Amino acid sequence: MREFVFALEYEPGTNPVADVLADYPEMSVRSLSCHVSADSLWRVDLASGPDAALAELERAYETADYFADCLVKDHCGADCEVQVLDRSSDTLVVYTYWERTEVCTSVPHVALEYLGEGLLFETYREGRRYRWRIVLGSDAPIHEFFDALGEEVGECTGIEMLRLTELDPERNAVEAAVNPADALPEEQQAALQAAVEYGYYETPRQIDLSELADRLDVPRSTLSYRLRRAEATLASTFVGEMETIELAAGL
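Calculation criteria
- Residues numbered from 1 in each chain as written.
- Predicted model: local features only at pLDDT ≥ 70, side-chain atom pairs only at ≥ 80, totals over all residues.
- Heavy atoms only, no water.
- Core = buried A, V, L, I, M, F, W, Y, C linked by side-chain atoms within 4.5 Å.
- Buried < 20%, exposed > 50% of the residue type's maximum accessible area, 1.4 Å probe, protein only.
- Helix = DSSP H or I, 4+ residues; strand = E, 2+ residues; numbered from the N terminus.
- 1 Å grid on protein atoms, 1.4 Å probe; cavity = no way out; pocket = protein on both sides within 12 Å on 5 of 7 lines; lining within 4 Å.
- Points joined across faces, edges and corners; volume = space filled by probe spheres on them.
- Nonpolar A, V, L, I, M, F, W, Y, C, P; charged D, E, K, R; others polar.

**Some remarks on the nonpolar core**
Next, step 1: By size, the foremost hydrophobic cluster in this structure holds 32 residues, and its most contacted members are Phe6 and Phe145.
Next, step 2: At the level of secondary structure, the elements contributing two or more residues to this core comprise strand S1 (2-10), strand S2 (28-36), helix H3 (107-115), strand S7 (129-136) and helix H4 (142-153).

If you want it as structure tokens, here you go:
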């Protein structure tokens, strides 16, 4: 098995969800599940962010001409169902389902056509960047799929190949134990690495948050959010590992 990771970058006005995420850089959306058939697409997403941002995001999901992941820029005539499954002050869980028309297509549908069945999809959205991770067979024609996808997204959406690696359960388990940062989204890993390299965590600090954001060419609020989320994940992982060690030692 292999994992293939790539990212789409939406231009303003081409995707209502991306437009809202760009307006609220502290918000992110990750997939809880994503499924495709030849005739339809359905998925569940978890959005995290401030209440006002989530309200805007919910309205974007319900926009009449928006269909989750459809790459057709004009109205494709599909029937789409949107349902909020859970809502709190800082999270939103949304279910979307749509049936294809003759002109509809999407990342999962292109993947199904070129890579076959049995694919696993994982997505993460922040700002205008939409990262996809697909787990697939080792002999799948990745480059044919990526070329076809590039033709479908057109000029309004940038596309970038990020990683293609073999999945080795034993190696991955060792790496996860040695480096828990691998569990972080790539954007958070990059922010954390830059913060360390530029001395943000030194005492006294060698660079402040605004200067670091300028160096990385991202909004200050976006960088702050990524670092907070990364720090929270690493802290939770550390505490969980300590509890596991204590249990194993009979403490």
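**Notes on unusual backbone geometry**
Next, step 1: The omega angle of the peptide bond from Thr203 to Pro204 is -5°, so this bond is cis rather than trans.
Next, step 2: Note that Pro204 resides in the loop between helix H6 (186-197) and helix H7 (209-216).
Next, step 3: One non-glycine residue, Asp217, lies in the positive phi region at around 60°.
Next, step 4: Secondary-structure assignment places Asp217 in the loop between H7 and helix H8 (220-249).

**So, empty space enclosed by the protein**
Next, step 1: According to the stated counting rule, one finds two cavities of 30 Å³ or more in the structure shown.
Next, step 2: Taken as a whole, the largest cavity spans an internal volume of roughly 60 Å³.
Next, step 3: Contributing to the lining of the largest cavity are 12 residues, with Arg43, Asp45, Tyr61, Arg125 and Tyr130 lying nearest its centre.
Next, step 4: If you list the elements that add at least two residues to the lining of the largest cavity, you get S2, strand S3 (40-48) and strand S6 (120-126).
Next, step 5: If one sorts the elements of the lining of the largest cavity by residue count, S2 sits on top with three residues.
Next, step 6: Split into classes, the residues belonging to the lining of the largest cavity amount to five nonpolar, two polar and five charged.
Next, step 7: One number sums up the size of the second largest cavity: a volume of about 40 Å³.
Next, step 8: Forming the boundary of the second largest cavity are Ser28, Val29, Arg30, Leu46, Ser48, Tyr124 and Arg229.
Next, step 9: Those elements giving two or more residues to the lining of the second largest cavity turn out to be S2 and S3.
Next, step 10: Considering every element that reaches the lining of the second largest cavity, the biggest residue donor is S2, with three residues.

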